[in-house]
Amino acid sequence: MTTNWKTKVHAAWTNELTSNDYDTIGVLKFDNGRFINAKHAQALLTAYWHKVDRTIYGRAADKGYGVKRWCFSELGNDGANLHLHFIAASPFQTETFCATLNALWANFSRRTADYRHNWITPIQHKI
């Protein structure tokens, strides 16, 4: 019996992401995902998550403390609109965590999208 590899991988990822304590989901966009260099986008995303960790955990972030998260970059349906999907486990009240993440991203750089274009919210149904 031949097993569909894509189906197996999808099921394994779904199981991994839904069987943990993740309670926040989001999409972080750039001012224009079609016109941002992938290397620059990666540098912004890395710096952003470092800022999130430092904001929440202070100097403990330098010792490895940070928000538990999975991040997935995507190019959109047309293959040219770079943005980031993520799930995370909030270290405090989820709605406040979502607001904090959105405020940090919207005000992080001139290249990060404003509040209207990002989507960060508590997870309603894990699957």
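Just so you know, these numbers come straight off a predicted model, no measurement behind them.

Basis of the calculations
Residues numbered from 1 in each chain as written. Predicted model: local features only at pLDDT ≥ 70, side-chain atom pairs only at ≥ 80, totals over all residues. Heavy atoms only, no water. Pairing = 2+ DSSP bridges. Helix = DSSP H or I, 4+ residues; strand = E, 2+ residues; numbered from the N terminus. Axes fitted to C-alpha atoms, helices over the stretch in contact; angles between N-to-C directions. Contact = heavy atoms within 4.5 Å.

### Overview of the sheet that holds strand 1 (residues 24-29)
Argument step 1. Taking strand neighbours across the sheet as the criterion, the 4 strands line up as 2-3-1-4 in an open arrangement whose pairing is antiparallel. Both edges of this open sheet fall to strand 2 (69-74) and strand 4 (119-122), since each of them pairs with a single strand only. Within the sheet, the average angular offset between the axes of one strand and its neighbour, ignoring direction, is 15°.
Argument step 2. Bridging between strand 1 and strand 3 (residues 83-88) involves 6 bridges; their strand directions are antiparallel. Within strand 3, the residue paired with Leu 28 across the bridge is Leu 84.
Argument step 3. Along the sheet, helix 1 (residues 5-18) contacts strand 2 and strand 3; its crossing angle with strand 2, the most-contacted strand, is approximately 140°.

### Quick word on the pairing of strand 1
Argument step 1. Of the strand pairs in this sheet, strand 1 and strand 4 are connected by 4 bridges, and their pairing is antiparallel. Bridge pairing in strand 4 links Ile 25 to Thr 121.

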